[in-house]
Amino acid sequence: MPLRATSKGIADRKYHGASLSMRQIIAVSIAAGSLIILADSSQAADRDGGAQLAAMCASCHRPDGGDRGIPTILGMDPEMLTRAMLAYRSRERPSHIMRAVALSLSDEEIATVARYLAALNK
């Protein structure tokens, strides 16, 4: 029986080809959506964790910069704040209070609170 290209056969191949492409599109969409959800939940967790950690900072570093000679840390570059906290921890920068705060935080917690505070003033 000779093979004939019928409109149904062509449509099936096109449909089948489109189906494979659609599967690929769906797979890519699911993967991309999963990454977005993971990134968003990671950012939300980072934001929530940063807010909790920053609460201890707010007692001295008022949001408006304070009037007690204590500088504001809102909007501060996160790398600069991280370096400052690590310097307090290692006693490169002198401050008993800031050293105690820096010692109470892990490196990741310092980075989290630094990112949170940097994002607040934007």
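Enquirer: What exactly am I supposed to notice about the nonpolar core here?
Expert: A general tendency of soluble globular proteins is for nonpolar side chains to be buried together. In terms of nonpolar packing, the biggest core is built from 17 residues, with Leu-81, Met-85, Tyr-88, Leu-105, Val-113 and Leu-117 touching the most fellow members. Broken down by secondary-structure element, the contributors of at least two residues to this core are α1 (7-58), α2 (78-89), α3 (96-104) and α4 (107-120). Ranked by the residues each element gives to this core, the list is headed by α4, at five residues. Residues within four places of Tyr-88 in sequence aside, it is in contact with Arg-93, Pro-94, Ser-95, Met-98, Arg-99 and Ala-102.

Enquirer: Would you mind showing me how to read the packing of α2 against α4 here?
Expert: Running from amino to carboxyl end, α2 crosses α4 at an angle of 140°, the nearest separation of the two axes being 8 Å. Looking at the two axes, α2 sits oblique to α4. Between α2 and α4 lies a crossing of right-handed hand. Touching Pro-78, Leu-81, Thr-82, Met-85, Leu-86 and Arg-89 of α2 are Asp-107, Ile-110, Ala-111, Ala-114, Arg-115, Leu-117 and Ala-118, all from α4. Partitioning the contact of α2 with α4 into residue classes produces nine nonpolar, one polar and three charged.

Enquirer: Would you explain α3 in this entry?
Expert: Given 3.6 residues per helical turn, the α-helix brings residues three or four places apart onto the same face. For α3, the complete set of buried residues consists of Met-98, Val-101 and Ala-102. Projected down its long axis, α3 shows its buried positions confined to an angular sector of 95°, all on one face.

Enquirer: Whenever I open this one, the pattern of salt bridges confuses me. Can you help?
Expert: Note that side chains of opposite charge can pair when their charged atoms are close. Taken as a whole and judged by the stated rule, the model has two salt bridges. Between Arg-89 and Asp-107 there is a salt bridge; the shortest N-O distance is 2.6 Å. Here the residue Arg-89 occupies a position in helix α2, and Asp-107 occupies one in helix α4, the gap between them amounting to 18 residues. By relative accessible area, which is 22% here, Arg-89 ends up partly exposed. Two residues, Glu-108 and Arg-115, come together in a salt bridge whose shortest N-O distance is 3.3 Å.

Enquirer: How should I be thinking about the packing of α2 against α3 in this particular structure?
Expert: For any two helices packed against each other, the geometry is given by the interaxial angle and the distance between the axes. Orientation of α2 relative to α3, taken along the N-to-C sense of each, is 105°, at an axis distance of 7 Å. The orientation of α2 with respect to α3, classified from their angle, is roughly perpendicular. On the side of α2, the interface is formed by Met-85, Tyr-88 and Arg-89, while α3 contributes Met-98, Arg-99, Val-101, Ala-102 and Leu-103. Broken down by class, the residue content of the contact of α2 with α3 amounts to six nonpolar, no polar and two charged.

Enquirer: Help me understand α2, please; the structure alone is not making it clear to me.
Expert: Over its 12 residues, α2 extends 16 Å from the first C-alpha to the last, a length consistent with the 16 Å expected when each residue adds 1.5 Å. Every buried residue of α2 is listed here: Leu-81, Thr-82, Ala-84, Met-85, Ala-87 and Tyr-88. Buried residues in α2 make contact with α3 and α4. Between a side-chain oxygen at the N-terminus of α2 and the backbone nitrogen of Glu-79 the separation is 3.2 Å; the capping residue is Asp-77. Arg-91 lies just past α2 and shows a positive phi near 70°.

Procedures and definitions
- Residues numbered from 1 in each chain as written.
- Predicted model: local features only at pLDDT ≥ 70, side-chain atom pairs only at ≥ 80, totals over all residues.
- Heavy atoms only, no water.
- Core = buried A, V, L, I, M, F, W, Y, C linked by side-chain atoms within 4.5 Å.
- Buried < 20%, exposed > 50% of the residue type's maximum accessible area, 1.4 Å probe, protein only.
- Helix = DSSP H or I, 4+ residues; strand = E, 2+ residues; numbered from the N terminus.
- Contact = heavy atoms within 4.5 Å.
- Axes fitted to C-alpha atoms, helices over the stretch in contact; angles between N-to-C directions.
- Parallel < 35°, antiparallel > 145°, perpendicular 65-115°, else oblique.
- Left-handed = near helix turned anticlockwise from the far one by under 90°.
- Nonpolar A, V, L, I, M, F, W, Y, C, P; charged D, E, K, R; others polar.
- Arc of directions from axis to C-beta.
- Salt bridge = Lys/Arg side-chain N within 4 Å of Asp/Glu carboxyl O.
- Expected span 1.5 Å × (residues − 1).
- Polar contact = N/O pair within 3.5 Å; in protein donor to acceptor, adjacent residues only side chain to side chain.

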